[in-house]
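The lines below spell out each chain.
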Protein chains: 2
Amino acid sequence: MPKTDLDQRCINALRVLAMDTVQQANSGHPGLPMGMADVAYVLWTRHLKHNPKNPTWANRDRFILSAGHGSALLYSLLYLTGYPLLMSDLKQFRQWESRTPGHPEHDPDLGIETTTGPLGQGFANGVGMAIAQRHMAARFNRPDHALLDHVIYAIVSDGDLMEGVSQEAASIAGHLKLDNLIYFYDDNRITIEGATAITFTEDVPARFRAYGWHVQEIDGHDVDAIDGAIRQAKAAPGQPHLIVCRTHIAYGSPNKQGTADAHGSPLGAEEIRLTKDALNWPSHEPFFVPDDVLAHYRLAAPQGERAEAKWRDLLSRYETAFPEEAAELQRRLKGTLPANWETALPRFAPDTGVMATRAASGKVINALAPALPELIGGSADLDPSNKTFMNGPGEFQAGSYAGRNLRFGVREHAMGGLLNGMALYGGARPYGGTFLVFSDYMRPSVRLAALMKLPVVYVWTHDSIFVGEDGPTHEPVEHVMSLRAIPGLLVLRPADANETAAAWQIALEHAGPTALILTRQNLPIMPETAEKARDGVARGAYVLSESPIDRIDLLLIATGSEVADALEAQKLLMERRVGARVVSMPSWELFEQQPLFYKLSVLPEGVLKRLSIEAGVTLGWERYVGKSGDVIGIDRFGASAPYQRLKQEFGFTAEHIVRRALELMAE
Amino acid sequence: MPKTDLDQRCINALRVLAMDTVQQANSGHPGLPMGMADVAYVLWTRHLKHNPKNPTWANRDRFILSAGHGSALLYSLLYLTGYPLLMSDLKQFRQWESRTPGHPEHDPDLGIETTTGPLGQGFANGVGMAIAQRHMAARFNRPDHALLDHVIYAIVSDGDLMEGVSQEAASIAGHLKLDNLIYFYDDNRITIEGATAITFTEDVPARFRAYGWHVQEIDGHDVDAIDGAIRQAKAAPGQPHLIVCRTHIAYGSPNKQGTADAHGSPLGAEEIRLTKDALNWPSHEPFFVPDDVLAHYRLAAPQGERAEAKWRDLLSRYETAFPEEAAELQRRLKGTLPANWETALPRFAPDTGVMATRAASGKVINALAPALPELIGGSADLDPSNKTFMNGPGEFQAGSYAGRNLRFGVREHAMGGLLNGMALYGGARPYGGTFLVFSDYMRPSVRLAALMKLPVVYVWTHDSIFVGEDGPTHEPVEHVMSLRAIPGLLVLRPADANETAAAWQIALEHAGPTALILTRQNLPIMPETAEKARDGVARGAYVLSESPIDRIDLLLIATGSEVADALEAQKLLMERRVGARVVSMPSWELFEQQPLFYKLSVLPEGVLKRLSIEAGVTLGWERYVGKSGDVIGIDRFGASAPYQRLKQEFGFTAEHIVRRALELMAE
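No experiment lies behind these values; they were computed from the predicted model shown.

Parameters and conventions
Residues numbered from 1 in each chain as written. Chains lettered and ligands numbered in written order. Predicted model: local features only at pLDDT ≥ 70, side-chain atom pairs only at ≥ 80, totals over all residues. Heavy atoms only, no water. Pairing = 2+ DSSP bridges. Helix = DSSP H or I, 4+ residues; strand = E, 2+ residues; numbered from the N terminus. Axes fitted to C-alpha atoms, helices over the stretch in contact; angles between N-to-C directions. Contact = heavy atoms within 4.5 Å. Buried < 20%, exposed > 50% of the residue type's maximum accessible area, 1.4 Å probe, protein only. Right-handed = clockwise from strand over helix to strand, strands pointing away. Parallel < 35°, antiparallel > 145°, perpendicular 65-115°, else oblique. Polar contact = N/O pair within 3.5 Å; in protein donor to acceptor, adjacent residues only side chain to side chain. Expected span 1.5 Å × (residues − 1). Least-squares fit on C-alpha atoms with pLDDT ≥ 70 in both. Domains from an automatic or database assignment. Buried area = accessible area lost by both parts, 1.4 Å probe. Salt bridge = Lys/Arg side-chain N within 4 Å of Asp/Glu carboxyl O. Nonpolar A, V, L, I, M, F, W, Y, C, P; charged D, E, K, R; others polar. Phe/Tyr/Trp six-rings, centres within 6.5 Å; stacked < 30°, edge-to-face > 60°. Lys NZ or Arg CZ within 6 Å of the ring centre and 35° of its normal.

Participant: Give a detailed account of the sheet that holds strand S1 (residues 62-65) of chain B, specifying residues and quantitative values.
Facilitator: Residues and elements named next belong to chain B. A sheet is described by the order of its strands in space; here five strands give the open sequence S1-S2-S3-S7-S6, paired in parallel fashion. Every other strand in the sheet has two partners, leaving S1 and strand S6 (214-219) as the edge strands with one partner each. Each strand axis lies, on average, 20° off the axis of its neighbour in the sheet, ignoring direction. Contacts from helix H6 (residues 121-140) reach S1, strand S2 (152-157) and strand S3 (181-187) within the one sheet, and its direction differs from that of S3 by about 165°.

Participant: Can you break down the pairing of strand S7 (residues 241-246) of chain B residue by residue, with the values?
Facilitator: All names here are of chain B. For S7, the tally of buried residues reaches five of six residues, placing the bulk of the element in the interior. As paired elements, S3 and S7 share six bridges and run parallel to each other. Directly across from Asp 186, in S7, lies its bridge partner Cys 245. Where the polypeptide runs from S6 across helix H10 (residues 223-235) and back to S7, its parallel neighbour, the crossover connection is right-handed.

Participant: Let's hear about the packing of helix H1 (residues 5-25) of chain A against helix H11 (residues 269-278) of chain A: which residues, and what values?
Facilitator: All names here are of chain A. Two elements in contact, H1 and H11, have axes whose closest approach is 11 Å; the angle formed by their N-to-C orientations is 170°. When the axes of H1 and H11 are compared, the pair comes out roughly antiparallel. In this structure, H1 contributes Val 16, Met 19, Asp 20 and Gln 23 to the contact, and H11 contributes Ala 269, Ile 272, Thr 275 and Lys 276.

Participant: Outline the environment of Ser 379 of chain A, listing residues and values.
Facilitator: Assignment of secondary structure puts Ser 379 of chain A in strand S9 (residues 375-379). The exposure class of Ser 379 of chain A is buried, given its relative accessible area of 0%. A sequence separation of 55 residues divides Ser 379 of chain A from Thr 434 of chain A, and the C-alpha atoms of the two residues are 5.8 Å apart. Leave out the neighbours within four places in its chain, and Ser 379 of chain A touches Asn 386, Thr 388, Leu 406, Arg 407, Phe 408, Gly 409, Met 415 and Gly 433 of chain A together with Glu 193 of chain B. Side-chain polar atoms of Ser 379 of chain A contact the backbone oxygen of Gly 433 of chain A, separated by 3.4 Å.

Participant: Which residues make up helix H17 (residues 412-425) of chain A, and what are the values?
Facilitator: All names here are of chain A. An ideal rise of 1.5 Å per residue puts 20 Å on 14 residues; H17 measures up with 20 Å between its terminal C-alpha atoms. A large share of H17 lies buried, amounting to 14 of its 14 residues. Positioned one or two residues after H17, Gly 426 has a phi angle of 90°, which is positive.

Participant: I'd like a description of the relation of the copies chain B and chain A, backed by residues and values.
Facilitator: Structural alignment of chain B on chain A gives an RMSD of 0.0 Å, achieved by rotating through 180° and translating 0.0 Å along the axis. Considering both components of the superposition, the chain copies are consistent with a two-fold axis.

Participant: Quick one: what's the story with the pairing of strand S11 (residues 457-461) of chain B, residue by residue and with numbers?
Facilitator: All names here are of chain B. Of all the five residues making up S11, five are buried; the element is thus mostly covered by neighbouring parts of the structure. Residues Val 457, Val 459 and Thr 461 line one face of S11 and the alternating positions Tyr 458 and Trp 460 line the opposite face, and both faces are buried. Direction of pairing for strand S10 (residues 429-435) relative to S11: parallel, over a ladder of five bridges. Its bridge partner lying in S11, Phe 435 is registered against Thr 461.

Participant: Before we move on, could you go through the side chain of Arg 610 of chain B and cite the residues and values that matter?
Facilitator: All names here are of chain B. Secondary-structure assignment places Arg 610 in strand S17 (residues 610-613). Here the side chain of Arg 610 touches Leu 603 through a polar contact of 3.3 Å, landing on its backbone oxygen. Separated by 2.8 Å, the side chain of Arg 610 and the backbone oxygen of Val 607 make a polar contact. Filtering out sequence-adjacent residues up to four positions away, Arg 610 remains in contact with Leu 554, Leu 555, Ile 557, Leu 603, Pro 604, Glu 605, Tyr 624, Val 625, Gly 629, Asp 630 and Leu 664.

Participant: Report on the domain arrangement of chain A, specifying residues and quantitative values.
Facilitator: All names here are of chain A. One can read the domain layout of chain A as domain 1 (5-304), domain 2 (341-524) and domain 3 (538-666). Domain 2 puts 28 residues into the contact, and the matching count from domain 3 is 34 residues. Summed over both partners, the interface of domain 2 with domain 3 buries about 2500 Å², with 63% contributed by carbon and sulfur atoms. Summed over the shared surface of domain 2 and domain 3, the number is two salt bridges. A salt bridge links Arg 484 to Glu 614, with the shortest nitrogen-to-oxygen separation between them at 2.7 Å. Remark: the boundary between domain 2 and domain 3 carries 15 residue pairs in polar contact (both at pLDDT 80 or more). For the side of domain 2 that touches domain 3, the secondary structure elements donating two or more residues are helix H19 (479-484), strand S13 (490-492), helix H20 (497-509) and strand S15 (522-523). Of the residues contributing to the side of domain 2 that touches domain 3, the split by class is 16 nonpolar, six polar and six charged.

Participant: Provide a residue-level description of the packing of aromatic side chains, including the pertinent values.
Facilitator: All names here are of chain A. Under the definition given, this model contains 50 aromatic pairs over all chains. Ring plane angle 5° and centroid distance 4.7 Å describe the contact between Tyr 458 and Trp 460, whose orientation is recorded as stacked. With relative accessibility at 0%, the residue Trp 460 sits in the buried group. By the ring-pair criterion, three or more aromatic residues cluster together here, those being Phe 123, Tyr 183, Phe 208, Tyr 211 and Trp 213. Lying across the ring of Tyr 79, Arg 298 places its NZ or CZ 5.2 Å from the centre. The ring of Phe 466 carries Lys 647 above its face, with NZ or CZ at 5.7 Å from the centroid.

Participant: So what's going on with the pattern of salt bridges? Which residues, and what values?
Facilitator: Residues and elements named next belong to chain A. Overall, the coordinates contain 76 salt bridges over all chains when judged by the stated rule. The salt bridge involving Arg 539 is made with Asp 535; its shortest N-O contact spans 3.6 Å. Salt bridges linked by common partners bring Asp 7, Arg 46, Asp 227 and Arg 231 together as one network.

Next comes the structure, spelled out in structure tokens:
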């Protein structure tokens, strides 16, 4: 269908709104919206299945602006097609408490599917959504009842494709043959520093073909070519799709088109005037949109409502034919856990013997697998170590999308981005494992999970220098504290198998990301935890073992594997008539949320002799031990040796705790 | 040259030593050494230019075992070819204080070029070394005097190639046409979870060709093919080289060859016995090496000494012909800064007006550029924002390797790995910039810089929520504290232009990595800093402004952009007759290193009313404010708005500081 004058004006409306929005804020990125206006127009008016009146319709196509700095494009599209985002919101771009922040922030009620801006993340989120879509479809679709049947679209930039996280995600998407992905690459050959030719000269189409993607190359300003490429992508099964759109950044601007100047700064009033003239725009009035243009975009609402209505008919038929599945689908899309799911959680008797908390976690995962069909996850090529594999539910692979064990490969960062995408999609409760030291590789995605409050569970094992022989490259030291520093991330370092089960329960009930910090080495199962862990872990810290005499001389505050050492030290101190209370503190965040009286009941103000024991940096422990307390920790990198030797050398023994406690008592 | 029986036994010696080494430790990875023994043998005996008697010879080829888990291979090679690594060291594999830790740890005197283990890092280090080699050669080589003329070799694994950091590094290596790189890909199709077919099915050779690499595919057990491929790589200019070696993990093991079992566990005594039989090994005695095998490997030493002697002749001729260049080369390879270099550091007068510390940093970099020819660096596509560009020294590009401005592209993680590689190579003082929030993207490489004590400078700008309009995705909150948690990383958050100049001086004199934490927004240049900053910053914290009355009621402890607010608050408090001392604390690490008397002179024990002011998480500040103090910080994510508004909303104003100070005084 040839481009009409109305088409052209609709496209230019995106350019004009982006220019004006950025100019009004005196901050932002007009170049990408102006360059990708043609693609966005064709996609949003001819292909995108969505209902602006119900932005969270389960079977909508997803649209991700991975290049989040082009947010003015997304906001313009949402306004024009009739989402509850108003012209007044565009005028508040990048202002305090506006609905149009500098980069898109996850807000499904507004049609914003994910938070983007840190490059590469949106690309990976889309792959995660595509996995979730294929999985939910495999689980719930029935012949003639393709309830979940849609596409994940994204606009990705040079910057997105340079980032390693997108390269990892592209590789796994190709492996998994996720043909429900259609990505538009804004090939404008301009980055902030100048032409991409200064650093990015690889053959992108060939690279994506090597990953197993279906690649098309088009003129990104040719409406017919765009339309044709989308049709062709939809018709070509078995591969994810990349449509390379050769575009000009800031298209239409007489003096800034094709220049880095247009990337991250307003065009300026004069250049906007010249651009509007060049585009034959009918008015110089800021934010002016012709009525017929707005009306054309607003057709999206009735079209969307019709599409959703048709789908609701299908859903009704599905509910009749498959009532159990329909109820289960609703439950899962709502994110509600099944009734009494927690009864599946194992309890561990002390006489079970020693057990690493990673092993306990593996048992919990396998105990929960049948009870929680939404549980889906895996490891970044470490499942034998992370104990993340679910026996029974099979593997998620190209031929078996109903499987629930994911093989992320040695791609921690993409794993982080994929987990976010799965959580954003809904219906799944994703988890991912690696060694704690490699949480650094996925930290940018973890931060976004925290920012978006996504219910992702990280299974980070090998949680201290007691990794042992692998040495300092594999021994986390600073990680637990660095993770505690991330706002909104719940960090849990359980002390034994029962605390691990409790930690999993909390993680699955938590409306945000949770880091489970688990040992490689075996630990005793403490008699105290069978009874106390469930409530105690939920409160962040609790009295695991009271002072055995009628006063509290000292608080031993420990986390994770160090709790058992503290218990042993308590006994030895008793022989010296020192009454120590042992506090297990699996979570700072949960403890901070407790009422003051509870906090004081665990850490009484009058007891100033306090010793923290954690196999990690001591930075921060002053919060709980105070000026009169002391810390046992590790403020250097670890070393390669059997872990029992490291315990001796680094002072993580009951004897050393006793010595330090006695020194503290003597001060 | 056809493979002889001796060749075969030399190859098998690597397999046997790896098996025995791992078995002795009862921990480690025998599979890779056994699979790559043929490649390693051919490379180390026929191609690698090195001198085991002088492992740090400047013109040696570099060899990186990026797949560091195969450390037994590297240690075996070092022992066999006569480096100062002994058989007794092999027997101490993975033991406390041994010279053979679980993963290779940078030790140039032993021939260990870099610390590897976290996958992908060694790959990127090699690219950094190749950049440094090309740069030093362009600067110092003269016609007929090719002083620096060698290759960077690496063995890389499936895991290395799956990691995003290697993909970013591969892309930039191709762009820069670094034909001094020859990488061997151990294509054994096995990872820890099983066959690579479960997650890694992309066309690796095609991907590397897309990056612009020269790719060969060979049988990794065919000695002639290996030899031929290396020759061909050396003969093919203009592209980095990947030699894809199809191998069998644990080659020679009757029951474990080609299985994931052989990846990360000892083979077991019985399987070792069977393997030695299958390899026709002459003895079952552990660590047995036939004399002729050892003698053959040990030819490396005389060969290496001859090669180095020849080079020293060349160096002598160079010293005669180019005495100035020779002296300069020696100075740079030693890592000594030029005499009086610091006189080039600018001082900033308060009447200069306001200046962001990133802008001050840019002025420092440009003032130092002529004085410090070893300064080389750039930004991950943010130089207009990071102010990292040196005017004058030109760009490092394929046609201009003498240039000193690097274009890292939107590849923060590779930038981190490349900076490490450049620092490892020597002769260069590398720096790299991005937004502070994206330090997360490069954190695994930063950790390794700290572990290796590499003199890398990070120029991390846009250091707080006062980034403003870009919003929470671009606003660091937890980052400064999380970086302080990394052992050995020096973190400096200067308060104005003069503190920034002092911070740069400290960074360049520091024998380890330094993070410069710099503002986006303008700050006043404080009258106090022109005089006090040089010494004060070096001490980590100092009294910037004494209480204006004859007592100290209160300490205001601030860092970076918050120091100016504290100064203003001091004046307002004075109006209320509250005497506040303002302490500027740019570096916790440096302050902790001061003698106690100095620390107490800055933070007197008697002054318990203390208020910290830092636009980041408060976790950790209890260390300095104590129980009677208070903190002003940000324990949530930021928001999108002009930064002046954010200062109001988040309480970073003199008025709010005064209010909190008065509350504290009233307690």
